[in-house]
Amino acid sequence: SKMEGRGTWRFFEPAMDANLQKRRSLELDLREAMSRDEFALFYQPLYDLDQDRICGFEALLRWHHPKRGLVPPDQFIPITEEIGLITPLGEWVLNRACEQAALWPSEMKIAVNVSATQFRDQGLVEVVSGALAASKLSPHRLELEITESVFLENSSETIATLHKLKAQGVRIALDDFGTGYSSLSYLRSFPFDKLKIDKSFVRDATATHGSKSIVRAVINLGRSLGMTTIAEGVETIEQLNHMKAEGCNEAQGFLFSRPVPVTEVASTILALRNG
Ligand code: C2E
Ligand code: CA
Ligand code: CA
Ligand code: CA
């Protein structure tokens with residue numbers, strides 16, 4: 001009835017208000033966060049299963065909010081996209097990641113996440129070449145992680161951007177593979193170097209038959225298309241052994257290390273080298 005509908009609405013109103021208020025205040029704080037130097041990059045190791053050694057790190061953005069503490073990226077990156085801050089923030093991330101990775105051993109790659117909005121931004125190619133030039137990082141050490149949502153629109157521009165990035169020597173990985181709008185046809189049309197198997201499949205691969213089959217299919221698909229594969233979210237020895245046995249090229253996850261601040265990169269490399 002109308003009464004019920006009205007009652008329901010009124011019931012949810014205060015909660016919606018609180019969410020909206022939190023969002024507005026995060027939005028205001030985000031606009032200041034960059035100049036206040038509240039962002040930092042954490043780094044999580046990438047492990048080469050073929051060579052049995054650490055081969056790089058993924059940069060993961062952290063926001064140290066003065067009052068709220070650590071705000072997870074899932075909670076603020078969507079807002080920065082909506083309010084148009086992802087372009088300067090993404091530029092900061094690329095510059096900082098390249099600058100820091102340039103100081104690491106030269107066999108270490110650096111993987112940087114690029115959001116769909118950021119990818120469609122006209123200036124991305126220049127931002128990437130600028131970050132490489134400023135840091136003197138060799139382009140083949142930089143890997144950009146993009147998600148399937150990039151391919152929802154504008155495919156000719158998307159292809160052009162991918163080719164320009166690849167022409168600089170940068171590698172492209174398709175992140176969260178299998179969770180999105182998966183049309184397999186774009187694997188043929190777009191020049192990816194790597195498929196990143198989403199952690200939801202990795203988690204279930206040792207338990208459910210469905211996920212096991214998907215993991216096997218993705219690894220074989222990648223191999224037959226000349227792409228490498230990486231399993232993310234590896235937390236147990238069983239998952240690691242399974243991915244190795246299936247022929248996955250790389251792995252990443254809490255089993256190796258949680259994301260660490262830049263000051264702990266060197267000790268993380270040493271710890272993984274000493275097994
Ligand atoms: P993602 O790119 O899929 O990153 C992997 C996420 O899984 C990270 O969460 C990482 O900390 C977490 N993770 C790593 N190993 C494990 C594991 O073994 N088990 C579990 N359960 N989780 C694991 P995080 O750092 O909270 O980042 C969340 C998302 O935020 C990222 O997902 C990415 O989409 C986005 N993000 C992070 N940094 C950036 C950035 O610099 N730019 C953009 N555009 N997005 C970013
Ligand atoms: Ca990623
Ligand atoms: Ca991912
Ligand atoms: Ca994700």
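Residues numbered from 1 in each chain as written. Chains lettered and ligands numbered in written order. Predicted model: local features only at pLDDT ≥ 70, side-chain atom pairs only at ≥ 80, totals over all residues. Heavy atoms only, no water.

In the annotation of an unreviewed UniProt entry, the protein chain is listed under the name EAL domain-containing protein and assigned to Bradyrhizobium jicamae.

**Student:** Give a description of the coordination of the calcium ion (ligand 3) that names residues and reports values.
**Tutor:** Looking at the metal site, the calcium ion (ligand 3) is ligated by Asp175 (OD), Asp176 (OD), Glu232 (OE) and Glu232 (OE), spaced 2.2 to 2.7 Å from it. All donors of the calcium ion (ligand 3) come from a single chain, and their spacing in sequence reads D-D-x55-E. Residue aspartate 175 is classed as buried on the basis of its relative accessible area of 7%. Judged by relative accessible area, which is 25%, aspartate 176 ranks as partly exposed. (Donors = N, O, S within 2.8 Å, 3.2 Å for Na, K, Ca; no water. Buried < 20%, exposed > 50% of the residue type's maximum accessible area, 1.4 Å probe, protein only.)

**Student:** Quick one: what's the story with the confidence of the model for the protein chain, residue by residue and with numbers?
**Tutor:** Confidence along the protein chain averages 91 in pLDDT terms, with 92% of residues attaining 70 or more. With a pTM of 0.93, the predicted complex shows an ipTM of 0.98. (pLDDT = per-residue confidence, 0-100.)

**Student:** I'd like a rundown of helix H10 (residues 237-246), residues and numbers included.
**Tutor:** Those residues of H10 that fall on the buried side of the exposure criterion are Gln239, Leu240, His242, Met243 and Glu246. Down the axis of H10, the sector holding all buried residues measures 165°, keeping them to one side. Turned more than 90 degrees off the buried face of H10, the exposed positions are Glu238 and Ala245. Elements that come into contact with the buried residues of H10 comprise helix H8 (199-204), helix H9 (209-224), strand E8 (228-231) and strand E9 (250-251). (Helix = DSSP H or I, 4+ residues; strand = E, 2+ residues; numbered from the N terminus. Arc of directions from axis to C-beta. Contact = heavy atoms within 4.5 Å.)

**Student:** Break down the pattern of salt bridges for me, with residues and values.
**Tutor:** Opposite charge on two side chains lets them pair, provided their charged atoms get close. On inspection of all chains with the given rule, the structure shows 16 salt bridges. Across the salt bridge formed by glutamate 58 and lysine 196, the nearest N and O atoms sit 2.9 Å from each other. Remark: lysine 196 occurs in strand E7 (residues 194-197) and glutamate 58 occurs in strand E2 (residues 53-65); sequence separation between them is 138 residues. The shortest N-O distance in the salt bridge between lysine 194 and glutamate 250 comes to 2.7 Å. Remark: glutamate 250 occurs in strand E9 and lysine 194 occurs in strand E7; sequence separation between them is 56 residues. As far as the burial class goes, lysine 194 and glutamate 250 line up, both buried. Within the structure, one salt-bridge network assembled from shared partners comprises Lys109, Glu143, Arg171, Lys194 and Glu250. (Salt bridge = Lys/Arg side-chain N within 4 Å of Asp/Glu carboxyl O.)

**Student:** Requested: an account of the packing of aromatic side chains, with residues and values cited.
**Tutor:** Under the criterion given, the structure shown has 9 aromatic pairs. On the numbers, 5.8 Å between centres and 35° between planes, the contact of phenylalanine 39 with phenylalanine 76 is tilted. Linking phenylalanine 39 in strand E1 (residues 39-48) with phenylalanine 76 in helix H2 (residues 73-82), this pair joins segments that are 37 residues apart in sequence. Here phenylalanine 39 matches phenylalanine 76 in class, with each residue buried. One aromatic cluster in this structure is built from Phe39, Trp63, Phe76 and Trp92. Its end group placed over the ring of phenylalanine 254, arginine 258 keeps NZ or CZ at 3.9 Å from the ring centre. (Phe/Tyr/Trp six-rings, centres within 6.5 Å; stacked < 30°, edge-to-face > 60°. Lys NZ or Arg CZ within 6 Å of the ring centre and 35° of its normal.)

**Student:** Any chance you could break down the coordination of the calcium ion (ligand 4) for me, citing the residues and the numbers?
**Tutor:** Coordination of the calcium ion (ligand 4) by the protein comes from Asp176 (OD) and Asp176 (OD), over a distance range of 2.9 to 3.0 Å. Along the chain, aspartate 176 falls in strand E6 (residues 171-177).

**Student:** Can you break down the site of ligand 1 residue by residue, with the values?
**Tutor:** Close contacts around ligand 1 come from 21 residues, with Gln44, Arg62, Lys199, Glu235 and Phe254 the closest. Backbone polar atom of leucine 61 to a nitrogen atom of ligand 1: 3.1 Å apart, as the coordinates give it. Here an oxygen atom of ligand 1 sits 2.8 Å away from a polar atom, N or O, in the main chain of phenylalanine 254. Surface burial for ligand 1 is 83%, taken as the share of its 800 Å² of free accessible area covered by protein chains. For the shell around ligand 1, the secondary structure elements donating two or more residues are E2, H2 and E6. (Near = heavy atom within 4 Å. Polar contact = N/O pair within 3.5 Å; in protein donor to acceptor, adjacent residues only side chain to side chain. Areas by Shrake-Rupley, 256 points an atom, 1.4 Å probe, with all protein chains shown as cover.)

**Student:** Quick one: what's the story with the packing of H9 against H10, residue by residue and with numbers?
**Tutor:** In a pair of packed helices, the angle between the axes and the distance between the axes together describe the arrangement. Two elements in contact, H9 and H10, have axes separated by 10 Å at closest approach and are oriented at 40°. Judged by the angle between their axes, H9 and H10 are oblique. Considering only the axes of H9 and H10, their crossing is right-handed. Facing Lys212, Val215, Arg216, Ile219 and Arg223 of H9, the residues of H10 in contact are His242, Met243 and Glu246. Among the residues making up the contact of H9 with H10, the classes are represented as 3 nonpolar, 1 polar and 4 charged. (Axes fitted to C-alpha atoms, helices over the stretch in contact; angles between N-to-C directions. Parallel < 35°, antiparallel > 145°, perpendicular 65-115°, else oblique. Left-handed = near helix turned anticlockwise from the far one by under 90°. Nonpolar A, V, L, I, M, F, W, Y, C, P; charged D, E, K, R; others polar.)

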